[in-house]
Amino acid sequence: MKRTGCLLCALAPVLITAALYFATPGHEHATADAKGGPAPVSRSRATDRAEAGRAADKAESGRATDDNAAARPPAGLAAPDKKELAQEIVASAENSTLNWHEAYGYIEDIGDGQGYTAGVIGFCTGTHDLLTLVERYTGAHPANGLARYLPALRKVDGTDSHEGLDPGFVAAWRHEATAPAFRKAQDDERDRIYFDPAVRLAKLDGLGTLGQFIYYDAIVLHGPGTGPDGFYGLRERAGREAKPPSEGGDEKAYLDIFLDIRREAMKSRNPARDTTRIDTAQRWFLDEGNLDLHTPLRWKVYGETYHVP
């Protein structure tokens, strides 16, 4: 295992959705329209409700417009072959392998202050996403072998503590990972929190398949946070330095800035941190002009060379 740390800074699912929602242009316009001018001194409850309803309709309309734009072809990273490729590239950095399917049962404390890191995308006991995964899985499969650890998972959420988890949680996770339903639950949660929002926003920013992958890898590593070093914060910072293609900017120039900001964020906490997942992987693809992430691909992470024919 050669990971340099899991930075899945967690937000509750509602906050994740809110961060994504406020990041879209449609919502910003709808919010401005909804605010309007100063409120009258006296209003009826019916008027308040009517205006609230109109504001909600506008917001929903704006989001629907964005969703339609994001769903337009080409599929980009969401195409089955490209999605498989994305998991392989991420796995090379997260688990030093291309066989990401091996990671469902993976679990260890890698000493990064996030507690146990586990599963197909590195869910962490200290960053809320592992707790959310087990809660949602238990809702659908109440008799699963992880359900009894929910009280402990809630208690250690936001910390690196193992209190209430040792000594049985590791074995329980590995055993549950043999169940197809739990593997599917991991895939679904990966897509819901990380893959789908990253691809959606990248498409709204006018980015091709490589840009969509760069967003995906960023949200996996930095987490879906709105702070300066969270994914949404990084995107906002990049947008202040370069226009994305959706605003008339050059795609390669924008992605170059985004990767610079990502690298800076990775080094900010640990100047000695390995950044080869950017330097000799994503930056290589970008410098080659491979904006559609065509294969064959060759890259290096932590000094190891990977190749997809």
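As a convention, each chain's residues are numbered from 1 in the sequence order in which they are written. Local features are withheld for residues below a pLDDT of 70 in this predicted model, meaning they are given only at 70 or higher, and side-chain atom pairs are given and counted only at 80 or more; totals for whole chains, interfaces and linings count all residues. To obtain the side-chain values, all non-hydrogen atoms of the structure were used and water was disregarded.

J.: Where do I start with the packing of helix H9 (residues 209-222) against helix H12 (residues 276-287) in this structure?
T.: What describes two packed helices is the angle between their axes and the distance between those same axes. Helix axes are fitted to C-alpha atoms over the stretch in contact, other axes to C-alpha atoms as well, and angles between N-to-C directions run from 0 to 180 degrees. Think of it this way: any DSSP run of H or I at least four residues long counts as a helix, any run of E at least two long counts as a strand, and we number them from the N terminus. The contact between H9 and H12 brings their axes to 10 Å, and the two run at 160°. Classified by the angle between their axes, H9 and H12 sit roughly antiparallel to one another. Between H9 and H12 the crossing geometry is left-handed. Contacts from Leu210, Phe213, Ile214, Asp217 and Leu221 of H9 reach H12 at Arg277, Gln282, Phe285 and Leu286. Convention used here: angles under 35 degrees read as roughly parallel, angles over 145 as roughly antiparallel, angles from 65 to 115 as roughly perpendicular, and any remaining angle as oblique. Helix crossings get a hand from a simple test, with the near helix turned counterclockwise from the far one by less than a right angle marking a left-handed crossing and a clockwise turn marking a right-handed one. What makes two residues a contact is simply this: any of their non-hydrogen atoms within 4.5 Å.

J.: What is the right way to read the sheet that holds strand S3 (residues 123-124) from this model?
T.: One open sheet holds the three strands; their spatial order is S1-S2-S3, and the pairing between them is antiparallel. Looking along the sheet, the strands with just one partner apiece sit at the ends: strand S1 (107-108) and S3. A pair of strands is considered paired only if DSSP assigns at least 2 bridges between the two. The sheet contact formed by strand S2 (residues 117-118) and S3 spans two bridges and is antiparallel. Bridge pairing links Ala118 to Phe123 in S3.

J.: What is the right way to look at empty space enclosed by the protein in this model?
T.: By rolling a water-sized probe across the atoms, one finds the places where empty space is left. Each cavity reported here is a set of points on a 1 Å grid over the protein atoms alone in which a 1.4 Å probe fits but cannot get out, each pocket an open set with protein on both sides within 12 Å along at least five of seven lines, and each lining residue one with an atom within 4 Å of a point. Grid points are joined across faces, edges and corners, and a volume is the space filled by probe spheres set on the points. Enumeration over the complete set of coordinates arrives at three cavities of 30 Å³ or more. Roughly 50 Å³ of volume is contained in the second largest cavity. When residues are sorted by character, Ala, Val, Leu, Ile, Met, Phe, Trp, Tyr, Cys and Pro go into the nonpolar class, Asp, Glu, Lys and Arg into the charged class, and all the rest, Gly among them, into the polar class. Classifying every residue of the lining of the second largest cavity by side-chain character gives five nonpolar, two polar and one charged.

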